Amino acid sequence: MLKALFSTVALAILFAPVAHAAEPGVTVATPCPFGDCKAAIGLSFAGEFSIPTGTLFDGVEFGGLSGLDYDPASNRYIAISDDRSERSPARFYELSIEASAAGISDVKVIKTVTLKDRNGEAFAAKSVDPESVRFGKDGIYWSSEGDVKQLLPPFVRVADRDGAFVREFELPKAFMPTADKSAGVRDNLAFEGLATLPGGDLMVEVESALFQDGPISGLTRGTLARMIRYDAASGRPKAEYVYPIAPIPQAPTVDKGYNDNGASEILSLDDHRLLVVERGFAQGFGSSIKIFMVDTEGATDVSAIPSLAGTEAAIVPVRKAQVLDMRAIGLQPDNIEAVTFAKGTDGSDLLIFVSDNNFSKEQKTQFIAFKVLARP
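Let me begin by describing the structure that accompanies this report. Keep in mind it's a predicted model, so treat the numbers as computed, not measured.

## Let's talk about the sheet that holds strand β15 (residues 223–231)
Right, on to step 1. The strand order across the open sheet formed by four strands is β13-β14-β15-β16, and the pairing between neighbours is antiparallel. The outermost strands of the open sheet, each flanked by one partner alone, are β13 (191–196) and β16 (236–245). Going from strand to strand, the sheet's axes swing by 25 degrees on average, the running direction of each strand aside.
Right, on to step 2. Sheet topology note: the β15/β16 ladder contains nine bridges and is antiparallel. By the bridge assignment, L224 is partnered in β16 with P244.

Shown next as structure tokens:
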């Protein structure tokens with residue numbers, strides 16, 4: 001279902017660029033991640049742009065952006081909302097983003113597309129939890145975290161440009177939710193990230209450890225999350241790797257406050273290197289956003305290991321190196337859950353992040369752009 005576009009005048013008023021502490025041009029570079037100088041990466045902060053919570057498009061609240069991808073053929077973006085069909089049916093947006101090495105000057109919603117279930121109907125309330133979205137060769141790939149409380153499994157599906165169901169990827173048994181929580185994905189910590197690889201594979205990342213793989217991150221310990229490598233054409237899994245998530249980087253600053261840390265998105269650099277967004281949160285402090293480069297070459301395929309916590313097998317995780325800490329360069333990032341490479345209006349290569357505002361008045365939909373100076 002297509003929905004109307006706000007006027008350019010209204011957008012300019014509502015979505016004015018926000019002030020930031022980081023100065024444009026601040027550069028971060030990692031010349032030899034994990035000792036591999038062929039993997040050098042450099043980023044220069046360009047600017048940010050925010051859309052306030054409560055903004056409506058055709059009567060529906062805009063927000064919950066949990067996935068973002070760029071189409072070079074159309075110079076347009078798609079962004080998926082993690083609204084569980086409660087405010088409006090599950091959907092993705094087509095966006096136009098005016099971004100360059102000088103920053104982000106405008107964001108427009110071109111249309112809204114309703115995602116359909118296998119029967120061609122809009123998803124019922126609380127029957128789906130959309131999280132990530134990528135353009136694929138045969139459609140739009142998107143993930144749902146499912147709902148452990150309802151024993152709804154996570155999934156990766158392919159939709160056409162109009163949101164219609166095309167096919168579904170095979171789910172390994174280890175990821176199926178269980179009533180006794182002895183195995184499978186944890187609630188709201190499932191299929192958070194997707195990355196399409198140039199050679200035709202699709203990587204899927206869970207946000208934190210499966211129940212059988214050990215506890216989630218704490219202030220003094222990290223955890224182990226699985227990454228599934230799929231053959232995208234067949235939808236069948238080829239391998240699983242271990243991604244070590246860091247401990248929670250910040251304690252709450254309020255008494256008995258909540259905090260966590262997990263992998264909120266992934267993005268391919270080539271067929272074996274990816275960027276991973278680790279999103280930490282501490283109540284009273286806010287979000288800590290760190291970006292890591294990982295390399296799957298040489299990593300152990302753990303698809304035949306039922307429990308990472310209970311195995312004596314020698315396991316080599318993916319190699320991992322930090323390439324960006326947003327707070328360390330003066331940014332105040334919100335709940336970053338999406339990232340894509342893009343081409344700026346000036347021809348610059350860009351890396352654009354966006355936050356999920358959780359439809360909260362205390363948060364915002366925040367776009368952050370970096371110029372890419374070097375990358376594998």
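## Remarks on the pairing of strand β22 (residues 349–355)
The two faces of a sheet get side chains in turn, since along a regular strand they alternate between them.
Right, on to step 1. Here β22 lies mainly inside the structure; six of its seven residues are buried.
Right, on to step 2. Linking strand β21 (residues 336–343) back to β22 in an antiparallel pair, the connection comprises five residues, with G347 at a positive phi of about 90 degrees.
Right, on to step 3. Relative to strand β23 (residues 364–374), β22 runs antiparallel, the two sharing five bridges. Of the residues in β23, the one forming a bridge with F353 is I368.

## Digging into the layout of surface pockets
Right, on to step 1. Considered as a void within the structure, the largest pocket measures approximately 790 Å³ in volume.
Right, on to step 2. Looking at the largest pocket, it is lined by 40 residues, and the ones nearest its centre are N188, R279, N335, E337 and N358.
Right, on to step 3. For the lining of the largest pocket, the secondary-structure elements that each account for two or more residues are β17 (259–268), β18 (273–282) and β19 (286–295).
Right, on to step 4. A breakdown of the residues in the lining of the largest pocket according to their chemical character gives eight nonpolar, 13 polar and 19 charged.

## Here we look at the sheet that holds strand β6 (residues 76–81)
Right, on to step 1. One open sheet holds the four strands; their spatial order is β5-β6-β7-β8, and the pairing between them is antiparallel. Every interior strand has two partners, whereas the edge strands, β5 (65–71) and β8 (103–114), have only one. Along the sheet, successive strands turn relative to each other by an average axial angle of 25 degrees, direction set aside.
Right, on to step 2. As defined by bridge partners, β5 adjoins β6 across six bridges and the pair is classed as antiparallel. Looking across to β6, one finds that D71 is bridged to R76.

## Here we look at the nonpolar core
Right, on to step 1. Of all hydrophobic cores here, the largest spans 34 residues; its most connected members are L202, M203, V204, M227, Y243 and L274.
Right, on to step 2. When contributions to this core are tallied by element, the ones reaching two or more residues are β11 (155–159), β13, β14 (201–206), β15, β16, β17, β18 and β19.
Right, on to step 3. Not counting residues within four places of it along the chain, the set of residues in contact with M227 comprises M203, V204, E205, A239, E240, Y241, Y243, I266, L274 and V318.
Right, on to step 4. Counting residues in each nonpolar core, the second largest holds 26 residues, with L275, V277, M293 and V339 among its members.

Criteria and thresholds
- Residues numbered from 1 in each chain as written.
- Predicted model: local features only at pLDDT ≥ 70, side-chain atom pairs only at ≥ 80, totals over all residues.
- Heavy atoms only, no water.
- Pairing = 2+ DSSP bridges.
- Helix = DSSP H or I, 4+ residues; strand = E, 2+ residues; numbered from the N terminus.
- Axes fitted to C-alpha atoms, helices over the stretch in contact; angles between N-to-C directions.
- Buried < 20%, exposed > 50% of the residue type's maximum accessible area, 1.4 Å probe, protein only.
- 1 Å grid on protein atoms, 1.4 Å probe; cavity = no way out; pocket = protein on both sides within 12 Å on 5 of 7 lines; lining within 4 Å.
- Points joined across faces, edges and corners; volume = space filled by probe spheres on them.
- Nonpolar A, V, L, I, M, F, W, Y, C, P; charged D, E, K, R; others polar.
- Core = buried A, V, L, I, M, F, W, Y, C linked by side-chain atoms within 4.5 Å.
- Contact = heavy atoms within 4.5 Å.

Without other data, these values stay purely geometric and don't point to any function.
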